[in-house]
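# Structure at a glance
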Amino acid sequence: MDLSTRYMGLQLTNPLVASASPLNTDIGNVRRLEDAGAAAIVLPSLFEEQIAEEAARQEHLTSVVEESFAEALSYFPESAEYRVGPEQYLDLVARAGEAVDIPVIGSLNGTTSEGWISYARLIEEAGAKGLELNIYFIPADIAMSGREVEKRYIEIVKAVRATVKIPVAVKLSPYFSSIGHMAKAVEKAGANALVLFNRFYQPDLDLAMLKVLPDLKLSSPDEIRLPLLWLAVLSGRMKASLAATTGVATADEVLKYLLAGADVVMSTSALLRHGVGYMATLLSGLEAWLEVREFRSIDEVRGLMSQQRVENPQAFERANYIRILQGYETTHA
Ligand SMILES: Cc1cc2nc3c(=O)[nH]c(=O)nc-3n(C[C@H](O)[C@H](O)[C@H](O)COP(=O)(O)O)c2cc1C
């Protein structure tokens, strides 16, 4: 059985990838994920805020030095080569890369195309085989148009593309009025892969305390529907690779994503629930299904049920409420 697949120019032994999460900050987990069959690992994101905070702290330190001991400045390197920022992250990239043979992908999370972009190069230099960009931007300013939001994404992707040579993936938001058009624009800006979708944090309200609740819910398998739809629509129409993220609970979701057209399928919630060893269960479930149906490779399965290849492409576009309701009436008559 040939489970191999290509993702953002990387040759992977199978399509299962551990998505960005704090689980992957632990080198023991990184090794265990490789042992359990993960074909690549995305490290948790380095956040623009972390970089900005550290830069501000360093700037303050430098200005204090400047005011008090002008001669001491000679001990400071030029600001361009001055390594401000979360050294630990770069250290993690280096250590994870040394610990395993599978590709380790760094992740940057931000919303502007300013200072933090330089970290893309530092992550590359630390040994990452690829970089995932999580552009976590909620346009809470209601004066901002959709066009401006899109422009911001494109500028960030272009800036990062110009900074690194390693492949770049963009974890895309599902909230664009034309996902396909945006996907193409991101590809044109230089993305080698799209990760569908970024799961934006949506806070709840605490009715007793009248507070905004900052809780994060793990995903459920129902949530695959939105990425599944767009993977099916984009499959066969993009040069960039396609990754699926959200809602993988069992090998069934992995298979659905592959059939829709994903090159790789990512998992975090399931690994948080069951432990990183659960990757092996997903992998064996995938293999078992393929074997029973006598598929010999992932290539035979990928995109088999994409919009371009199913008998009724309209099934991905029209709601068919009437038919659904008729079916409901028959079963409940
Ligand atoms: C606790 C936790 C931390 C996460 N941290 C990051 C992160 O740092 N960067 C990122 O891009 N995504 C992060 N994610 C999102 C996951 O990578 C993934 O896209 C999302 O959880 C959906 O996949 P799942 O249904 O398999 O959990 C995080 C998710 C969880 C649950």
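Structure report, in brief.

Scoring rules and cut-offs
Residues numbered from 1 in each chain as written. Predicted model: local features only at pLDDT ≥ 70, side-chain atom pairs only at ≥ 80, totals over all residues. Heavy atoms only, no water. Salt bridge = Lys/Arg side-chain N within 4 Å of Asp/Glu carboxyl O. Helix = DSSP H or I, 4+ residues; strand = E, 2+ residues; numbered from the N terminus. Buried < 20%, exposed > 50% of the residue type's maximum accessible area, 1.4 Å probe, protein only. Contact = heavy atoms within 4.5 Å. Core = buried A, V, L, I, M, F, W, Y, C linked by side-chain atoms within 4.5 Å. Phe/Tyr/Trp six-rings, centres within 6.5 Å; stacked < 30°, edge-to-face > 60°. Arc of directions from axis to C-beta. Near = heavy atom within 4 Å. Polar contact = N/O pair within 3.5 Å; in protein donor to acceptor, adjacent residues only side chain to side chain. Axes fitted to C-alpha atoms, helices over the stretch in contact; angles between N-to-C directions. Parallel < 35°, antiparallel > 145°, perpendicular 65-115°, else oblique. Left-handed = near helix turned anticlockwise from the far one by under 90°. Nonpolar A, V, L, I, M, F, W, Y, C, P; charged D, E, K, R; others polar. Pairing = 2+ DSSP bridges. Right-handed = clockwise from strand over helix to strand, strands pointing away.

### Side note on the pattern of salt bridges
A complete count under the given rule lists nine salt bridges for this structure. Beyond isolated ion pairs, a larger network of salt bridges with shared partners links Asp-263, Asp-299 and Arg-302.

### With respect to the side chain of Ser-241
Checked against the element boundaries, Ser-241 lands in strand E11 (residues 241–244). On the accessibility criterion, Ser-241 (10% relative accessible area) is buried. The contact partners of Ser-241, leaving out residues within four places of it in the chain, are Arg-6, Tyr-7, Met-8, Asn-192, Ala-193, Leu-194 and Asp-263.

### What to know about helix H7 (residues 225–234)
For H7, every residue scored as buried is listed here: Pro-227, Leu-228, Leu-231, Ala-232, Val-233 and Leu-234. Residue Gly-236 follows H7 closely and has a positive phi angle near 85 degrees.

### Topic: the nonpolar core
Core analysis: the largest hydrophobic core is formed by 87 residues, its most contacted members being Leu-108, Leu-133, Val-160, Val-170, Val-186, Tyr-257 and Met-279. Setting aside residues no more than four positions away along its own chain, Val-170 makes contact with Leu-133, Ile-135, Val-157, Val-186, Ala-191, Ala-193, Leu-194 and Val-195. Ranked by size, the runner-up nonpolar core spans 16 residues in total, among them Ala-20, Ala-40, Ala-193 and Val-264.

### Focus on the packing of aromatic side chains
We describe a pair of aromatic rings using the distance from one ring centre to the other and the angle between the two ring planes. Taken as a whole, this structure holds four aromatic pairs when the rule is applied. For the ring pair Tyr-136 and Phe-200, a centre distance of 4.7 Å and an interplane angle of 90 degrees mean the geometry is edge-to-face. Note that Tyr-136 is positioned in the loop between strand E6 (130–135) and helix H5 (146–163) and Phe-200 in the loop between strand E8 (193–196) and strand E9 (204–206), a separation of 64 residues in sequence. Look at Tyr-136 and you get partly exposed, because its relative accessible area is 23%. Measuring from ring centre to ring centre gives 5.0 Å for Tyr-153 and Phe-176, while their planes differ by 80 degrees; the resulting arrangement is edge-to-face. With Tyr-153 in helix H5 and Phe-176 in the loop between strand E7 (168–172) and helix H6 (179–188), this residue pair connects regions lying 23 residues apart in the sequence. Accessibility expressed as a relative area gives 1% for Tyr-153, which makes it buried. Overall, the relative accessible area of 10% leaves Phe-176 in the buried class. Through pairs of rings, three or more aromatic residues link up here, namely Tyr-136, Tyr-175 and Phe-200.

### What about H6?
Those residues of H6 lying buried are Ile-179, Met-182, Ala-183, Val-186 and Glu-187. For H6, the arc enclosing every buried residue in end-on projection is 140 degrees, short of the 170-degree limit, so these residues lie on one face. Turned more than 90 degrees off the buried face of H6, the exposed positions are His-181 and Lys-188. Following H6 by one or two positions, Gly-190 adopts a phi angle in the positive range, close to 120 degrees.

### A short note on the site of the ligand
The environment of the ligand is formed by 19 residues, the closest being Ala-20, Ser-45, Asn-134, Ser-219 and Ser-269. Here Ala-20 contributes a backbone N or O atom positioned 2.6 Å from an oxygen atom of the ligand. Those elements giving two or more residues to the shell around the ligand turn out to be strand E4 (40–47) and helix H9 (269–274). No other element matches the three residues that E4 contributes to the shell around the ligand.

### A look at the packing of helix H8 (residues 251–260) against helix H10 (residues 278–292)
The geometry of H8 relative to H10 is characterised by a closest axis approach of 8 Å and an angle of 60 degrees between their N-to-C directions. The angle between the axes of H8 and H10 places the two elements in the oblique class. In the crossing of H8 with H10, the sense of the turn from one axis to the other is right-handed. On the side of H8, the interface is formed by Ala-251, Val-254, Leu-255, Leu-258 and Leu-259, while H10 contributes Leu-282, Gly-285, Leu-286, Trp-289 and Leu-290. Residue composition of the contact of H8 with H10, by class: nine nonpolar, one polar and no charged.

### Some points on the side chain of Thr-163
Relative to the helices and strands, Thr-163 is located in helix H5. Excluding anything up to four places from it in sequence, Thr-163 contacts Ile-117, Ala-120, Arg-121 and Glu-124.

### Concerning the pairing of E11
Side chains Ser-241 and Ala-243 of E11 all project onto a buried face; the interleaved residues Leu-242 and Ala-244 project onto the opposite face, where all are buried too. As paired strands, E8 and E11 are joined by four bridges and run parallel to one another. Following the sheet pairing, Leu-196 is matched in E11 by Ala-244. Of the strand pairs in this sheet, E11 and strand E12 (residues 264–267) are connected by two bridges, and their pairing is parallel. Each residue of the ladder has a partner; that of Ala-243, found in E12, is Val-264. A crossover links E11 with its parallel partner E12, the connecting element being H8, and its sense is right-handed.

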